[in-house]
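A closer look at the structure
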Amino acid sequence: MIKILIVDDEEIQRKMLKSSLELKNYEVFVASSGEQGLEAFVKEKPEVIICDISMPGMDGMEMLEKVKLMNAEAQVIMLTGHGDMESAIASLKKGAFDYIIKPFNLEELCMNINRAAENQRLYLQLKIQQTQLLRAAKLTAMGELGAGVAHEMNQPLMAISSYLEGLLMNDALVTNLVLKNKMLKIKDQFVRLGTIVKRMHEYSGSRMGTFTEGDVKRPITDGLFLLTQQFKDHNIAVELQLQEDLPEVYIDRYQIQDVVVNFLINARDAIDEKFNQQEGGHIWFISKKLKNFPAIVSGVIDNGIAVKSGSEENLFEPFFTTKAPGKGTGLGLSVSFTIIKSHKGVIGFSSLKNERKIFYFVLPLDKEQDLAGVEALNKELKAELENL
Ligand SMILES: Nc1ncnc2c1ncn2[C@@H]1O[C@H](COP(=O)(O)OP(=O)(O)OP(=O)(O)O)[C@@H](O)[C@H]1O
Ligand SMILES: [Mg+2]
């Protein structure tokens, strides 16, 4: 139902318009002045505003300007009398969607409203697409840079590590315990650096995938197996809900296993932050074929702390982390993003009922079909996630 806000100082006009538009199945809010109109605009977030040009106090033109300042995509249709063509045209220059001359025909107004609402929808869609494109471009640039840096860093890193290793093994040389301890700390940090470099390398996609037809359950159970002991130690219950007769998909199972492990480690961290390794933490791993779309969705659900509000947009970006310094590199999800993209799949996250959330990836059954941006999949996925 399209939401409309009518701003008009004349009561009869306002009421008539409201009831006739309601009969046409619009959701209608009213305001009797520019000031009230602005308040209602902020509160009700209408898709289309119908605004009388001449009103006492803040008139239609001023309100139009203010609305456009707050939200450049707002769709405003101006109502004007015969004698006021000049303002009507000026309003278009100020960004009004259109103007209608009184007395007007209701059908004509409705057509205008529908076009304005469609316009608004397209704007929003465009904005989402732009953000996605920008993100993809950013990720690609990061990937290229990462590949170069990772490559260059690998040699000196290996050299330093092996010198250090050599020294540490020579007990006759390193006799001072304090020194030895510090050297061990340095070694730890080098191992960490090595992991970062390895991940940057993976992230850049420079590791060629080896794709074969296979069961997605394999990398899932393999990934889980690696963490079984940890989950026990951290008092985290794990429940598998993997559909039995899943069709095969075209995957690099080691890469998919990486995604699984990244998701699981993140879930572990979120749970630890909430339950402090005491009982109560729960992870569910699901994998199932979508009912009305040829794809398999797999994901990790956890009941740990919520995704930090405001960070939703950045989760999949390289080096984005909310974890303590030294704890997360912020590469887990961006590596996963790249892996799933190379599988022509989609990756995402969604909040669920009962303070849970899911991080999921979707893989196509048809290896030629790229799932990115497929509208039918989004709908199906939404329905599926709502039921979890
Ligand atoms: N299951 C989850 N629950 C809550 N927040 C999460 C979850 N998974 C990821 N996040 C958020 O997304 C951020 C990025 O995750 P990502 O895996 O990319 O990096 P990280 O875990 O911080 O570091 P690492 O490179 O070691 O994986 C995390 O810091 C966290 O804020
Ligand atoms: Mg992580």
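These numbers come from a predicted model, not from an experiment.

Conventions adopted
- Each residue is numbered by its place in its chain's sequence as written, counting from 1.
- Each chain gets a letter, beginning with A, and each ligand a number, beginning with 1, in the order they are written.
- In keeping with the model being predicted, local features are shown solely for residues with a pLDDT of at least 70 and side-chain atom pairs are shown and tallied solely at 80 or more, while totals for entire chains, interfaces and linings include all residues.
- Here is the check we use: build the C-beta atom from the backbone, and if it is within 6 Å of the molecule or strand, call the residue near.
- Helix and strand definitions here come from DSSP, where helices need a minimum of 4 consecutive H or I residues and strands a minimum of 2 consecutive E residues; each element is numbered from the N-terminal end.
- Just so you know the grouping, Ala, Val, Leu, Ile, Met, Phe, Trp, Tyr, Cys and Pro go in nonpolar, Asp, Glu, Lys and Arg go in charged, and all remaining residues, Gly too, go in polar.
- Residues of type Ala, Val, Leu, Ile, Met, Phe, Trp, Tyr and Cys that are buried and joined through C-beta atoms within 7 Å form what is called a nonpolar core.
- For every residue, the other C-beta atoms within 10 Å of its own C-beta are counted; 20 or more classify it as buried, 12 or fewer as exposed, and values in between as partly exposed. C-beta atoms are placed from the backbone.
- Here contacts are defined at the residue level, using C-beta atoms placed from the backbone and a cut-off of 7 Å between them.
- Boundaries of every domain are those given by an automatic assignment or by a domain database.
- DSSP bridges decide pairing: two strands pair if at least two such bridges lie between them.
- Helix axes are fitted only over the stretch in contact, all axes being lines through C-alpha atoms; the angle between N-to-C directions runs from 0 to 180 degrees.

**Details of the site of ligand 1**
- Around ligand 1 there are 23 residues in total, and Asn266, Thr321, Gly328, Gly332 and Leu333 lie nearest to it.
- Looking at the shell around ligand 1, the elements that each hand over two or more residues are α8 (253-275) and α9 (332-342).
- No other element matches the 4 residues that α8 contributes to the shell around ligand 1.
- Partitioned by chemical class, the residues of the shell around ligand 1 number 9 nonpolar, 11 polar and 3 charged.

**Description of the nonpolar core**
- With 42 residues, the main nonpolar core has Ala295, Val300, Val362 and Leu363 as its most contacted residues.
- Secondary structure elements with two or more residues in this core: β8 (249-251), α8, β9 (281-289), β10 (295-302), α9, β11 (346-352), β12 (356-364) and α10 (375-386).
- It is α8 that provides the largest number of residues to this core, a total of 8 residues.
- Apart from the residues lying within four places of it in its own chain, the contact partners of Ala295 are Leu290, Val362, Leu363, Pro364, Leu365, Leu371 and Leu377.
- If you look at the next biggest cluster of nonpolar residues, it comprises 31 residues, including Ile6, Val28, Met61 and Ile77.

**Thoughts on the domain arrangement of the protein**
- Taken domain by domain, the protein holds domain 1 (3-104), domain 2 (134-203) and domain 3 (212-386).
- A straight line from the C-alpha centre of domain 1 to that of domain 2 covers 63 Å.

**Focus: the sheet that holds strand β7 (residues 236-242)**
- Taken in spatial order, the 5 strands make up an open sheet running β7-β9-β10-β12-β11, and their pairing is mixed. For this open sheet the edge positions go to β7 and β11, each flanked by a neighbour on one side alone. The sheet shows a mean angle of 15° between the axes of neighbouring strands, taken without regard to direction.
- Summarising the sheet, β11 and β12 pair through 7 bridges and their orientation is antiparallel. When the bridges of β12 are listed, Leu352 appears paired with Arg356.

**Description of unusual backbone geometry**
- The step from Lys102 to Pro103 runs through a cis peptide bond, and the omega angle for that step is -5°.
- Position of Pro103 among the secondary structure elements: in the loop between β5 (98-101) and α5 (106-169).
- In this structure, Asn25 is a non-glycine residue whose phi angle is positive, near 75°.
- Mapped onto the elements of the fold, Asn25 is located in the loop between α1 (11-23) and β2 (27-31).
- Of the residues examined, Asn25 has 9 C-beta atoms within 10 Å and is grouped as exposed.

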